[in-house]
Structure formats: C-alpha cells, structure tokens
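Letter by letter, the chains look like this.
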Amino acid sequence: MRIAVTGREGQVAQSLAERAGTAHEVVLVGRPALDLANAATVLPALAEARPDLIVSAAAYTAVDQAEDEPDLANAVNGSGAGAVAAAAARLGVPVVHLSTDYVFDGAKDGDYVETDPTGPIGAYGASKLAGELAVAAATPHHAILRTAWVYSPFGKNFVRTMLRVAETREELTVVADQHGNPTSALDIADAILHAAPQLVSGRSDVFGVFHLAGTGTTSWAGFARRIFATSAAAGGPSARVRDIVTADYPTRARRPANSRLSSAKFSQTFGWTAPAWQDSTDIVVRRLIG
Ligand SMILES: NC(=O)c1ccc[n+]([C@@H]2O[C@H](COP(=O)([O-])OP(=O)(O)OC[C@H]3O[C@@H](n4cnc5c(N)ncnc54)[C@H](OP(=O)(O)O)[C@@H]3O)[C@@H](O)[C@H]2O)c1
C-alpha cells in the first residue's frame, strides 16, 4: 500500500515513515510542494504521490502562537485540512485526519467520548474543529482521529523538553491539575498502519470520528515523574518534580483541564488498543537518552 502523509518533519509523519518498514510505502509530502496555507498546492502534490490512502498529519501546532495569528491557524488547520480531504475524494482514496483533544473545553468529569459536544477554548482548538468539519464535508471516506499529549523521538515535545531542562536543573515545577493521556506518535503510527487495510477495503463502519490516545491517564506532573524515573534508571538526566496548578503557570492560550479521551470506539472498530502510557513513555525516554 502507498500511503501519502502530509508533513515532513512532524512527529506523526516521521513515526509513520519509521514504523511502515517494508510493509507499506510511506511518501512524506510537505512544504514547499504542499503548503496547507496555499490550498492550490494540495491536490497536485498529493496526486503525484499516487496514494492508496492519505494521512493528514500536518498542522499548525503552535498552540500559544495561534492566539496571535488565528487567521493562519484557520487557513492551515481549517481550509488546508479540507483541501487535503477534497484531494482524497478527487483521487478516490480514504483520508485519515489527525485532530485533537483541544476541540473540547475540558469541563467534563470523566473520559471524553466521540459524541460529547465540542467547545474549544482557544484559537488552536477552534481551528482544528474547523478542520474536522471541513474534512467531513469534503468526503464521507474519512477517519478523524482525535489524539492528545503527543510525544516521540522526533521533533519538539514534552518528553524532550523535560530531559533537556533536567540537564541543568535539580527541581522543576510542573502543572498537576490538567489530566490527559500521554500518547506516543509511534503508537499513533502503529494504529494507523493497523487500520489502513480496513479503511482501504471500504467497510462503511470504519469511517467517522474516533479518539486515539495512550491507555491510562495522568497529569503533566505525573508524566514528568515517569520520564525522570525511567531516565534516572537508565543513567540519563532527572529532576525532582514539584506540583503546581495551572494558575501558577500562565500561558497565552488556555488549556482544557480535562483532556482524558476514551479510545474504546477505535479499539472496537479496528481491533487495536494502545499500550499503557507508562510503557510507551519508557520506550521513547530510553531512545532519547540513547
Ligand atoms: N503534538 C500534540 O501534542 C498533538 C496533540 C493532539 C493532536 N495533535 C495533532 O496531531 C497531528 C500531528 O501532530 P505532530 O505532533 O506530528 O505535529 P508537529 O510535530 O508539530 O508537526 C507538524 C507538521 O505540520 C507541518 N506543517 C505545518 N504547517 C504547514 C503548512 N502550512 N503546510 C504544510 N505542512 C505544514 C510541519 O511541516 P515541516 O515538516 O515542514 O516542519 C510538520 O511536518 C496534528 O494534526 C496535530 O494537530 C497533536
């Protein structure tokens, strides 16, 4: 199977390229040939890849910066995502589109399921919700995968930041009142590659919105403690973690307090369940301290 993936250096794009091995051919399609801010570039760039399946993994992901440039975030994550799905429809192939827990306001008590009402509290979440709607309008053959708290051996992410900061600091303060599912992009890649043949087979129940996140939940502080415990045991950098609350760590964009996602629908539909978040974290930490 040939799988065209938008984005070149992104965490999910790089993870798909690595995990596909020789089983599938992954073609990374990114700037300048495909620029989501310039919708006219999308169809020609994807057509050239001659895909059986398109994975829409590129996005404007700078959550705080999006508050200052919502038009660009909307162009990339809204219209750009819609253009990718429209290209999939033109090429007659299904599209897997990555979305986010930030489409929710975080006020729910419990795990979010796919049918819960959306209500983004920031510009990034609003732009990603616009993308979901644009994708669904462009083709019925879509699987929108909402994921969360993504980290990997590639690119910028929380695990990398923690390990870097621990090289020079003995104690770190980390937010303990936001809860979610840390999710390895390597697991996202495995899940997509597992689902790919089912999506291409055209079975109708494989399309729609799905949550896809690591198994189990924690806080950012709990996530940091796991990172440092694993790193210390392997001889890497570690630091003490002191809990703080969101109000003590102001950011440009508000974040949902509850980002917990139930991935039960994905598991039941595709027969794939993510490993426990702790196990996946350990794999990436050990690779990063290498
Ligand atoms: N990171 C998270 O915690 C998180 C959480 C929930 C959902 N998600 C979603 O999961 C998906 C994958 O995230 P990720 O962590 O892999 O993202 P990432 O590492 O930040 O990578 C973003 C990718 O998008 C590409 N991109 C940005 N602007 C573009 C444009 N105008 N045209 C074409 N490509 C553009 C980048 O291109 P270059 O390769 O040129 O840099 C990069 O490949 C995204 O849809 C994101 O919204 C992420």
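Further remarks concern the overall build of the protein. Scanning the protein from terminus to terminus reveals nine helices and 12 strands. Taken over the C-alpha atoms alone, the protein extends approximately 55 × 40 × 40 Å along its principal axes. Relative to its full complement of 290 residues, the protein shows a buried share of 52%. In the protein, once contacts between residues fewer than 6 apart in sequence are set aside, the share between residues at least 24 apart is 80%. A total accessible area of about 12200 Å² is found for the protein, and carbon and sulfur atoms account for 50% of it. Of note, the protein has its 25 positive side-chain charges centred 3 Å away from the centre of its 29 negative side-chain charges.

Attention now moves to the packing of aromatic side chains. Going through the model one piece at a time under the given rule, you end up with 12 aromatic pairs. With a centroid separation of 5.8 Å and 80 degrees between ring planes, the pair formed by Tyr102 and Tyr124 is classed as edge-to-face. Residue Tyr102 is found in the loop between strand 4 (95-100) and helix 4 (123-138), and its partner Tyr124 is found in helix 4; the two are separated by 22 residues along the sequence. Residue classification places Tyr102 among the buried residues on the basis of a relative accessible area of 15%. Of the residues examined, Tyr124 reaches a relative accessible area of 10% and is grouped as buried. Of the aromatic side chains, those joined through ring pairs into one cluster are Trp149, Tyr151, Phe158, Trp220, Phe223 and Trp277. It is Lys265 that lies over the ring of Phe210; its NZ or CZ is 4.5 Å from the centre.

Our focus in this paragraph is the environment of Thr246. Here Thr246 lies in the loop between strand 12 (240-244) and helix 8 (264-270). For Thr246 and Lys128, which are 118 residues apart along the polypeptide, the C-alpha to C-alpha distance reads 23 Å. Setting aside residues up to four positions removed in sequence, Thr246 forms contacts with Val175, Asp177 and Gln178. Reaching out from Thr246, the side chain makes a polar contact with the side chain of Gln178 at a distance of 3.3 Å.

So, about the site of the ligand. Close to the ligand lie 26 residues; Glu9, Leu36, Thr61, Tyr124 and Lys128 are nearest. Separating an oxygen atom of the ligand from a backbone N or O atom of Ala59 is a distance of 3.0 Å. Separating an oxygen atom of the ligand from a side-chain N or O atom of Thr61 is a distance of 2.6 Å. The protein chains hide 83% of the 900 Å² of surface that the ligand would expose on its own. When contributions to the shell around the ligand are tallied by element, the ones reaching two or more residues are helix 1 (11-20), strand 4 and helix 4. It is strand 4 that provides the largest number of residues to the shell around the ligand, a total of three residues. Among the residues forming the shell around the ligand, the class breakdown is 13 nonpolar, seven polar and six charged.

Moving on, we get to the pattern of salt bridges. A full pass over the atoms with the stated rule returns 12 salt bridges. A salt bridge links Asp64 to Arg255, with the shortest nitrogen-to-oxygen separation between them at 2.7 Å. Here Asp64, found in the loop between strand 3 (53-56) and helix 3 (70-91), pairs with Arg255, found in the loop between strand 12 and helix 8; they are 191 residues apart in sequence, far enough to count as distant. You can call Arg255 partly exposed: its relative accessible area is 22%. The partner of Asp116 in a salt bridge is Lys108, and the shortest N-O contact between them spans 2.7 Å. A residue is classified by how much of its surface remains accessible, and Asp116, at 16% relative accessible area, is buried. What emerges from the salt-bridge pattern is a single network uniting Glu171, Arg240 and Arg242.

The rules we used
Residues numbered from 1 in each chain as written. Predicted model: local features only at pLDDT ≥ 70, side-chain atom pairs only at ≥ 80, totals over all residues. Heavy atoms only, no water. Helix = DSSP H or I, 4+ residues; strand = E, 2+ residues; numbered from the N terminus. Buried < 20%, exposed > 50% of the residue type's maximum accessible area, 1.4 Å probe, protein only. Contact = heavy atoms within 4.5 Å. Areas by Shrake-Rupley, 256 points an atom, 1.4 Å probe, with all protein chains shown as cover. Lys, Arg positive; Asp, Glu negative; His and termini not counted. Charge placed at Lys NZ, Arg CZ, Asp CG, Glu CD. Phe/Tyr/Trp six-rings, centres within 6.5 Å; stacked < 30°, edge-to-face > 60°. Lys NZ or Arg CZ within 6 Å of the ring centre and 35° of its normal. Polar contact = N/O pair within 3.5 Å; in protein donor to acceptor, adjacent residues only side chain to side chain. Near = heavy atom within 4 Å. Nonpolar A, V, L, I, M, F, W, Y, C, P; charged D, E, K, R; others polar. Salt bridge = Lys/Arg side-chain N within 4 Å of Asp/Glu carboxyl O.

By themselves, these figures tell us nothing about what the structure is for.
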